[in-house]
Amino acid sequence: MKQHTARISFTSLLALLLVAICSVFLTHCKKLDVERQVLLKTNEVTGVSYNEASVSGTLIDLGGNELEQHGFQWSKAGQSVIPGNTISMGKTSQTGQVTGTLHDLEPGTTYHVWTYVNDGTREYTSDPLEFFTLEAGVPVVVTGDTLEVSEHHAEIACSLESNGGLAVSERGICWGLSPNPTIDDQYNSSGSDADYYVGLVDGLQSGTTYFARAYATNELDTGYGDNREFTTKHVKEAPTVET
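### A word on the pattern of salt bridges
By the definition in use, this model includes 3 salt bridges. The partner of K91 in a salt bridge is E68, with the nearest N and O atoms 3.9 Å apart. Residue K91 is found in the loop between β4 (86-88) and β5 (96-102), and its partner E68 is found in the loop between β2 (53-62) and β3 (69-76); the two are separated by 23 residues along the sequence. Its relative accessible area of 56% is what places K91 among the exposed residues. On the accessibility criterion, E68 (37% relative accessible area) is partly exposed. A salt bridge links R171 to D195; the nearest nitrogen and oxygen atoms lie 3.8 Å apart. Taken together, the residues span a long stretch of sequence, with R171 in strand β11 (residues 170-176) and D195 in the loop between β12 (186-189) and β13 (196-201) at a distance of 24 residues. Since its relative accessible area comes to 7%, R171 is described here as buried.

Below you can see the structure in the form of structure tokens.
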């Protein structure tokens, strides 16, 4: 009778031990699931210009949460993010690659950009990437084809290819009797903000060769296109009537 009682006690002890081990195991597994980390990466910055850049990142692990917000943030080197320097892409529960375009950057400036997510209670960010916007320069313009030439005026196609990273205050066409005319010679402003415009060359002498160039000005300087040479038409003489 004593041996039977001892056997039951050993079996009960073994069962209790197994229950305890399973309880610890299950509790530990649950704890690991709760503590899954949010993992993010900012992959690369491409297409960098004077005031824009494209960025891509990867949402590797969302920690098992549905995100209230995700996207990108950026700042000048050494500064914290300011309002407006955020691309917000809304809620997501999906991992994978995300892309965006940064606007209104300053020329010749060092920036940091990073991927971020927010689960409603906490914000998570990736390591930042550093990139540099292009240095500002003079505008780039093209003197196109001569569209029309008469005795006293000409019309020439012009285009603004780049503002040099700064706002263009004026664009138009200039001309003179020698190659490489500037706005210190004769010129006409286009009076338009369009990148493509027709330059009007007027007040010309008939039967005369001129040189014209498109131009555009920003706060740094004035940029010029190539020379376009043309010759105005001769004025037709009225026929002589004999009496």
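### A look at the sheet that holds β13
Taken in spatial order, the 3 strands line up as β9-β10-β13 in an open sheet, and their pairing is antiparallel. Each edge of the open sheet is held by one strand with a lone partner, namely β9 (140-149) and β13. The mean inter-strand angle of the sheet, taken between neighbouring strand axes irrespective of direction, is 30°. When β9 meets strand β10 (residues 154-162), the two strands line up antiparallel, connected through 7 bridges. Within β10, the residue paired with V149 across the bridge is A154.

### Observations concerning the side chain of Q73
Positionally, Q73 belongs in strand β3. Residue Q73 is classed as buried on the basis of its relative accessible area of 8%. A polar contact is formed between the side chain of Q73 and the side chain of W114, at a distance of 2.9 Å. The residues touching Q73, leaving out its near neighbours within four places in the chain, are V81, N85, T86, H112, V113, W114, Y116, E123 and T125.

### Thoughts on the environment of D61
Inspection of the secondary structure puts D61 in strand β2. On a C-alpha basis, the gap between D61 and Q94 in space is 8.9 Å, while along the polypeptide they are 33 residues apart. There is a polar contact of 2.8 Å between the side chain of D61 and the backbone nitrogen of G63.

So, how was this worked out
- Residues numbered from 1 in each chain as written.
- Predicted model: local features only at pLDDT ≥ 70, side-chain atom pairs only at ≥ 80, totals over all residues.
- Heavy atoms only, no water.
- Salt bridge = Lys/Arg side-chain N within 4 Å of Asp/Glu carboxyl O.
- Helix = DSSP H or I, 4+ residues; strand = E, 2+ residues; numbered from the N terminus.
- Buried < 20%, exposed > 50% of the residue type's maximum accessible area, 1.4 Å probe, protein only.
- Pairing = 2+ DSSP bridges.
- Axes fitted to C-alpha atoms, helices over the stretch in contact; angles between N-to-C directions.
- Polar contact = N/O pair within 3.5 Å; in protein donor to acceptor, adjacent residues only side chain to side chain.
- Contact = heavy atoms within 4.5 Å.

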